[in-house]
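One letter stands for each residue in the lines below.
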Amino acid sequence: MDSWSVCTRARGHLTPTSAFLLLLCACVGSSTNEDTTAVNGTDGTEDTTGGTTTAGESDGPTWEPVPARGIRLDWVVEEAFAEAAAWHPAVHRVIPINLRTWLRQPGPGSLRALRHWREALRAEHYDRVIDSQGLLKSVFIARQARRDQLHGFDRHSARESLAGLLVERGHRISPELHAIQRNRLLMAAALEYPLSGQPDFGLRDHLRAPGQEPAPLVFLPGTTWRSKLWPEEHWITLSRLALGAGHRVELLWGTQQEADRALRIVRACGPTSGIQVAASRSSLTQVAGKLAGARAVVGPDTGLTHLAAALETPVVGLFGPTPLSRVGLSGPLSINMASELPCAPCRKRDCRLLATDSRAAAPCMAGLHPEEVWHRLQGILRAPQRIMTARLAGADLA
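Residues numbered from 1 in each chain as written. Predicted model: local features only at pLDDT ≥ 70, side-chain atom pairs only at ≥ 80, totals over all residues. Heavy atoms only, no water.

So, about the environment of R349. Along the chain, R349 turns up in the loop between β14 (334-338) and α12 (363-366). What makes R349 partly exposed here is its relative accessible area of 40%. Along the chain, R349 and S227 lie 122 residues apart, while their C-alpha atoms are 5.4 Å from each other. (Helix = DSSP H or I, 4+ residues; strand = E, 2+ residues; numbered from the N terminus. Buried < 20%, exposed > 50% of the residue type's maximum accessible area, 1.4 Å probe, protein only.)

What follows covers the packing of aromatic side chains. Each aromatic ring pair is characterised by the separation of its centres together with the angle its planes make. Under the defined criterion, the tally for this structure stands at two aromatic pairs. Ring centres of F219 and W235 lie 5.7 Å apart, and the angle between their planes is 40°; this geometry places the pair in the tilted category. Here F219 is found in strand β9 (residues 217-219), whereas its partner W235 is found in helix α7 (residues 232-244), with 16 residues between them in sequence. Geometrically, the ring pair formed by W230 and W235 is edge-to-face, given 4.8 Å between the ring centres and 90° between the ring planes. Accessibility assignment for this pair places W230 and W235 in one class, buried. Following the ring pairs from residue to residue traces out a cluster consisting of F219, W230 and W235. If you follow R182 out to its NZ or CZ, it ends over the ring of F153, 4.0 Å from the centre. Stacked on the ring of W225, the Lys or Arg K228 has its end atom at 4.9 Å from the ring centre. (Phe/Tyr/Trp six-rings, centres within 6.5 Å; stacked < 30°, edge-to-face > 60°. Lys NZ or Arg CZ within 6 Å of the ring centre and 35° of its normal.)

A word on helix α13 (residues 370-382). A rise of 1.5 Å per residue sets the reference length of α13, with its 13 residues, at 18 Å; its end C-alpha atoms lie 18 Å apart and thus fit the reference within 8%. Among all positions in α13, only P370, V373, W374, L377, I380 and L381 are buried. Projected down its long axis, α13 carries its buried residues within an arc of 125°, all on one side. (Expected span 1.5 Å × (residues − 1). Arc of directions from axis to C-beta.)

A few words on a nonpolar patch on the surface. Residues L136, L162, L165 and L166 make up a contiguous nonpolar surface patch of about 330 Å² in total accessible area. Along the polypeptide, L136 turns up in helix α4 (residues 136-142). Judged by relative accessible area, L136 falls into the partly exposed class, the value being 35%. (Patch = residues over 30% accessible without salt bridge, like charges linked within 9 Å, V, L, I, M, F, W, Y side chains within 5 Å. Areas by Shrake-Rupley, 256 points an atom, 1.4 Å probe, with all protein chains shown as cover. Salt bridge = Lys/Arg side-chain N within 4 Å of Asp/Glu carboxyl O.)

Right, let's get into the nonpolar core. In this structure, F219, V298, L318 and L377 are the most contacted members of the largest nonpolar core, which totals 31 residues. Those elements that place two or more of their residues in this core are β9, α7, β10 (249-251), α8 (256-269), β12 (296-300), β13 (315-319), α12 and α13. Per-element tally for this core: the top contributor is α13, with five residues. Those residues in contact with L377 that lie beyond four places of it in its chain are L217, F219, A296, V298 and V316. By size, the runner-up hydrophobic cluster in this structure holds 21 residues, among which are V218, A292, V297 and V327. (Core = buried A, V, L, I, M, F, W, Y, C linked by side-chain atoms within 4.5 Å. Contact = heavy atoms within 4.5 Å.)

Compared with the 20 Å implied by 1.5 Å per residue over 14 residues, the 20 Å span of α8 between its first and last C-alpha is a close match. For α8, the full list of buried residues reads E258, A259, R261, A262, I265, V266 and C269. One side of α8 holds all its buried residues, which, seen down the axis, span an arc of 160°. Looking at α8, the residues exposed on the side facing more than 90 degrees away from the buried face are Q256, Q257 and R267. Those residues of α8 hidden inside the fold are in contact with α7, β10 and β11 (276-277).

Another point: the packing of helix α9 (residues 284-293) against helix α10 (residues 303-310). At a minimum axis distance of 9 Å, the contact between α9 and α10 shows a crossing angle of 55°. Overall, the two elements α9 and α10 adopt an arrangement that is oblique. Handedness of the crossing formed by α9 with α10: right-handed. Every residue of α10 that contacts α9 at L284, V287, A288 and L291 is listed here: L304, L307 and A308. For the contact of α9 with α10, the class distribution of residues is seven nonpolar, no polar and no charged. (Axes fitted to C-alpha atoms, helices over the stretch in contact; angles between N-to-C directions. Parallel < 35°, antiparallel > 145°, perpendicular 65-115°, else oblique. Left-handed = near helix turned anticlockwise from the far one by under 90°. Nonpolar A, V, L, I, M, F, W, Y, C, P; charged D, E, K, R; others polar.)

Quick look at the side chain of R128 now. The residue R128 is located in strand β6 (residues 125-131) in this model. Within the structure, R128 has its side chain in polar contact with the backbone oxygen of A190 (distance 2.6 Å). (Polar contact = N/O pair within 3.5 Å; in protein donor to acceptor, adjacent residues only side chain to side chain.)

This part is about the packing of α7 against α13. For the pair α7 and α13, interaxial distance at closest approach is 9 Å and the crossing angle is 40°. With respect to each other, α7 and α13 are oriented oblique. The crossing of α7 and α13 is right-handed. Contacts between α7 and α13 involve H234, T237, L238, L241 and A242 on the former and, on the latter, P370, E371, V373 and W374. Classifying every residue of the contact of α7 with α13 by side-chain character gives six nonpolar, two polar and one charged.

Spatial relationships are all this shows, so hold off on functional conclusions.
So this is what it looks like as structure tokens:
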């Protein structure tokens, strides 16, 4: 989920008691996060209607955290991710949309469904809409809402420049920033509050899984990009190392192809290995609970790996074709491992060095050796409390 839209019931400046917000999230964006951005130390944002703001400064009123401001927040999200939007306590209403299906299956039925969805959305009037995806399809959805203002990235900042011309208040936010930082800066600029502190995703207390003793190591062998797949033989080696050290291992999957991959790993490790694989597909909330309750997680650059980081579970992320600077894990207990090959990151779904019908892993992912991953994983398993203590101490000093 990587795009937002917000609205409020106030003319001109927002008032702390009358905010009515609509979020349009990654429902309308791509299913991947590779085209977003990364922290490089430049935090400046510019409102293209005039004036420049920097993170931590604002000409508008100082706002407290969302729940304390009387804000009513609605969130439009792709149907497949609707349950995830409901996890956060600040969300008042989740509005599912089936845009991906409608785009893939154009015709009278899809047009009729879109029209009915639009009529339901327009039953409310929103004060401010913020599109943080910066795509033509996301701004198209944002413009369907009855609103006072539509905010978003300007044409220099949007992922698709034309989308920046279709918002009513465009904000210039460096495309070199991390996706999280870009969205935080956009929200601060649009809602006129100073940005400060580190992001708090507000999820862990709401997604605690029933305690398992001992907590398993959770591995995520699946991903939608072929170029992001870590070789199956690497997963097999890592699983054997973990099992040999006395850890329980669980493999999570979301599609039948991923389930087949997980079962091949289990078979290679032996029928008595005890690796857990769910017999049926779990809900997103069930998967999030498993990630929250895991001893640690290992996975490629995929949504579940980032979710584990947001839940402050120890995570080792494996990056090949995607840049750490734009989409690296940002959790306090996260370790990013990235390929050092000169062709990485290429940001391509399919490796250009492999034949189209090749079943081999991309060299950038194959080069992340399981023994090194295990070494990094052991380090984070031994030190999560020390890392957390250092993080809290740093916060106190700041």
